[in-house]
Structure formats: structure tokens, C-alpha cells
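# Observations on the model geometry
Okay, here's what each chain looks like letter by letter:
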Amino acid sequence: MAKLTRAMSRDGSLRAIVTDAPDIVNRAIQIHDTNPTATAAIGRVLLGASMMGSLMSEPDDLLTLRVVGDGIAGSIVVSADSFGNVRGFIQNPKAELPLREDGKLNVGGIVGSGNLYVLRDVGGEEPYNGICPLQSGEIAEDIAYYYAKSEQIPAVCALGVLVDVDYSCKAAGGVLIQLLPFADPEVVDILEKNVMRTTSVTDMLQRGGTELLLNTFLTGIEYDVFDNLETEYRCNCSKERTDKALLSLNDEARAELLIDGQLEMNCQFCDKKYIYTREELEKLYEQP
Ligand SMILES: [Zn+2]
């Protein structure tokens, strides 16, 4: 299980989310068989979406984050629920580049330039759609820029995924801080100074977990933790949903499937397979 903590400054100037989630990234590695740089890329999007999702108010709200760049990674798509559970995929799980000069995985290099799309599906109402250009493709910076530009919410975001020599994820987590309307300029000032002083997210998590991460970013700011959530990589695919997708096909596409006979559908987000025999397909299409 992964952990997500939500906190708020006592004076109402800001809210902060931190997460410690190597389990989520390791599940993504297991499903998608990613190379290290691709692991860091999808991992950061999973972590970012998990925290962004947890800011939604209703249990059924859904958030989809799409990072669409022109790099070799292709698109990265992650959806999150309002409890911070996530699932995702990366178009090219084998995307890899040499390390950057500073020794870090070149996530921005495999993502390239393009756009960040945010879709918030809040039951009944028209879904909210946001888009903004990627700043660096390093994800955290792109998310912070998105909030400032598209939602006019000043935000701080830091994400880290540490990949071990055996290609597993050794540490992963992040922080997302949003300033609330009428934030005290003094608090903003302290926060800015704290951000400049912070080091690696994964280093802090390994030394002191989410508590140290939160304490470091909010040093000198009084705050209350209001809850801790257990989060995970969770896919909500099912036979019923696959049936629905097959029923949405037009007659021509249906006929083609029936010629082919047996059909195997792989979930993009997890390792589940849905197999239909010709008889099952015929039965499905006989329904009114
Ligand atoms: Zn699935």
C-alpha cells in the first residue's frame, strides 16, 4: 500500500498533499515492463495524478492526466479517483535515453515538448477540461505550471522516482502545495524559501517518510494533518465494461469481429485479458 497525507496550514493560506508510493510505481513496472526512464516518467505522472485526484471533493469524481509530448515515450495517460488511487499507461514502456549530465534520468528528454491535458469528470456536470503546454516534460514543473496558468492557483509540485539497479522502484513520492485565495504573503514568502532549500524528494522519503517531506516544505508554517489515506494502483476494468465497448461498435466492425472468431482484449491499464469466443460474441450481439 502507498500512503497519501493531506494537510492544511492553520491560517488557511495553503493546502498540502504528500505521498510515499513506491508500491504504485512497482505495480506499474510489473504491468508495463518499463525501462528505468520510462518508469520515472509514468511514475511521476502516477504520483502527480494521485495527489491531484485527492483534491476532488466527491467519491465518484475522476481525474485523467494526459502527457502528450513528441518524445520517444509517446503519450502517458493516468486516471485517478478522489481517494488517490491511480492507474495508467505509457505508449512506449521501453523509452530510454542516456542519463543527463547531472546523473538523473532524462524524463524530459523522452517526453519531449507538447501539452498536458487535465480532464475532471465530476458526476452529472459537464467535465472540466484543461490544457497547457509542457514546460520541461519533467512532470512536476508541468503540473505546477498547469495550476498557475489554467486554474490560476499558484502551486508547488515536486516528484521523485528512484529506480534501483534491478529496475525496480526503490523510492517514490511527491508533494503538491496549493496556495488558497487570500494567502498570507508572509506564509508565501516562507514557503518560497523552503522550496529553494529542499533537496531530493526520494532522499527525504527514505530518511523520514512523508512526515519529513511535509516538515521540510512547511518549516516555519503551522499546519494540521487532516487525514492519511492508503492508496494503490487500482484498475476498474471489468467484463461488463468490455461488453459495453463491444456493444458500442457499428455493424461493420461487429461483422469483422465475428469473422475473426475468438477475440482477446487486453486492458491498457492492467494485466487483465478478456477473451470472447465466437459464441459469446454472437450472444452479446443478439441482445436488443
Ligand atoms: Zn484493467
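In case you missed it, the structure is sitting above this.
This text gives an overview of the structure that appears in the document. (Residues numbered from 1 in each chain as written. Predicted model: local features only at pLDDT ≥ 70, side-chain atom pairs only at ≥ 80, totals over all residues. Heavy atoms only, no water.)

### What about the overall build of the protein chain?
Definition in use: Put simply, DSSP marks the helices as runs of H or I at least four residues long and the strands as runs of E at least two long, and each gets a number from the N terminus on. In this setup the radius of gyration rests on C-alpha atoms only. A globule is expected at 2.2 Å times the number of residues raised to 0.38. Note on classification: 1.4 Å probe, protein chains only; a residue is buried when its accessible area is under 20% of the maximum for its type, exposed when over 50%, partly exposed between these limits. Whether two residues are in contact is decided by their heavy atoms, any of which lying within 4.5 Å being enough. Counting rule for charge: Lys and Arg are taken as positive, Asp and Glu as negative, and neither His nor the chain ends is counted. One atom stands in for each charge, and that atom is NZ of Lys, CZ of Arg, CG of Asp or CD of Glu.
Secondary structure summary: the protein chain contains 9 helices and 12 strands in total. Here the C-alpha atoms of the protein chain give a radius of gyration of 21 Å, agreeing with the 19 Å that 2.2 N^0.38 yields for 288 residues. Counting only C-alpha atoms and orienting by the principal axes, one finds that the protein chain spans roughly 70 × 45 × 35 Å. Residue burial in the protein chain is summarised as follows: out of 288 residues, 51% are buried. The contacts of the protein chain with a sequence gap of at least 6 include a subset with a gap of at least 24, amounting to 64%. Taken together, the 26 basic and 44 acidic charged side chains of the protein chain have centroids lying 2 Å from each other.

### Digging into the packing of helix α8 (residues 251-260) against helix α9 (residues 278-286)
Heads up, the condition is: To define axes, lines are fitted to C-alpha atoms, for helices over the stretch in contact only, and angles between the resulting N-to-C directions are given on a 0 to 180 degree scale. Roughly parallel means an angle under 35 degrees; roughly antiparallel means over 145; roughly perpendicular covers 65 to 115; every other angle is labelled oblique. Note: crossing handedness is left-handed where the near helix turns anticlockwise from the far helix by less than a right angle, and right-handed where it turns clockwise. Gly falls in the polar group here, along with every residue not listed as nonpolar (Ala, Val, Leu, Ile, Met, Phe, Trp, Tyr, Cys, Pro) or charged (Asp, Glu, Lys, Arg).
At a closest axis distance of 9 Å, the pairing of α8 and α9 adopts a crossing angle of 155°. The angle between the axes of α8 and α9 places the two elements in the roughly antiparallel class. For the element pair α8 and α9, the recorded crossing hand is left-handed. Residues Arg254, Leu257, Leu258 and Ile259 of α8 form the contact with α9, whose own contacting residues are Arg278, Leu281, Glu282 and Tyr285. Its residues assigned to classes, the contact of α8 with α9 shows 5 nonpolar, no polar and 3 charged.

### Some thoughts on the packing of aromatic side chains
To be explicit about the condition: Two aromatic rings from Phe, Tyr or Trp, using only the six-membered ring of Trp, form a pair when their centres are within 6.5 Å; if the ring planes differ by under 30 degrees the pair is stacked, by over 60 it is edge-to-face, and anything between is tilted. Note on criteria: charge over ring means Lys NZ or Arg CZ within 6 Å of the ring centre, with the direction from the centre no more than 35 degrees off the ring normal.
Summed over the entire model, instances satisfying the criterion amount to 2 aromatic pairs. The ring of Phe269 carries Arg87 above its face, with NZ or CZ at 4.0 Å from the centroid. One residue, Arg120, lies across the ring of Tyr128, its end atom 4.5 Å from the ring centre.

### Things to note about the coordination of the zinc ion
Perfect tetrahedral coordination of a metal by four donors corresponds to 109.5 degrees between them, and perfect octahedral coordination by six donors corresponds to 90 or 180 degrees. Note the following rule: The donor set comprises N, O and S atoms within 2.8 Å of the metal, extended to 3.2 Å for Na, K and Ca; water molecules are omitted, so apparent gaps in a site may simply reflect that omission. Think of it this way: with four donors and all angles in the 85 to 135 degree range, the site is tetrahedral; with four or six donors, opposite ones beyond 155 degrees and the rest between 65 and 115, it is square planar or octahedral; otherwise it is irregular.
On the protein side, the zinc ion has Cys235 (SG), Cys237 (SG), Cys267 (SG) and Cys270 (SG) as donor atoms, found 2.2 to 2.3 Å from it. For the zinc ion, the 4 donor atoms are set out with angles of 105 to 114° between them, so the coordination reads as tetrahedral. Considered as a linear motif, the donors of the zinc ion on their single chain read C-x1-C-x29-C-x2-C. One end of the pair, Cys235, is in the loop between β10 (223-231) and α7 (239-247); the other, Cys270, is in the loop between β11 (263-266) and β12 (273-276), and 35 residues separate them in sequence.

### Digging into the pattern of salt bridges
In plain terms, the rule: A pair is scored as a salt bridge if a Lys or Arg side-chain nitrogen falls within 4 Å of a carboxyl oxygen belonging to Asp or Glu.
Going through the model one piece at a time under the given rule, you end up with 14 salt bridges. Note that Lys193 is salt-bridged to Asp189, the shortest N-O span being 3.2 Å. Of this pair, Lys193 and Asp189 both sit in helix α5 (residues 185-197), 4 residues apart, which is roughly one turn of the helix. Overall, Lys193 belongs to the partly exposed group, its relative accessible area being 46%. Residue classification places Asp189 among the partly exposed residues on the basis of a relative accessible area of 38%. Taken together, the shared-partner salt bridges in this structure form one network comprising Arg44, Arg100, Asp102 and Glu138.

### Brief notes about the sheet that holds strand β8 (residues 155-163)
Cut-off, in case you're wondering: We treat two strands as partners when DSSP finds at least two bridges between them.
Taken in spatial order, the 5 strands of this open sheet run β8-β9-β2-β1-β10, and their pairing is antiparallel. The open sheet terminates on both sides in strands that have one partner only, identified here as β8 and β10. For this sheet the average axis-to-axis angle between neighbouring strands, irrespective of direction, equals 10°. With 8 bridges connecting them, strand β1 (residues 2-9) and β10 associate as antiparallel partners. Directly across from Leu4, in β10, lies its bridge partner Leu229. The strands touched by helix α1 (residues 22-32) within the sheet are β1, β2 (14-20), β8, β9 (169-179) and β10, with β9 carrying the most contacts at an inclination of about 120°. Sitting on the sheet, helix α4 (residues 140-150) touches β8 and β9, and the angle it makes with β8 is about 160°.

### Topic: unusual backbone geometry
A positive phi is found at Ile139, a non-glycine position, where the angle reads about 80°. Looking at the secondary structure, you find Ile139 in the loop between β7 (128-133) and α4. Of note, Tyr167 is a non-glycine position whose phi angle comes to about 75°, a positive value. For Tyr167, a relative accessible area of 41% corresponds to the partly exposed category.

### Thoughts on the pairing of strand β5 (residues 86-90)
Taking burial as the measure, the 5 residues of β5 include 5 buried ones, the bulk of the element. Where strand β4 (residues 76-81) lies against β5, 5 bridges are found, and the strand directions are antiparallel. Counted as the bridge partner of Ala80 is Val86 from β5. Hairpin connection from β4 to β5: 4 residues lie between these consecutive antiparallel strands, with Gly84 at a positive phi of about 85°.

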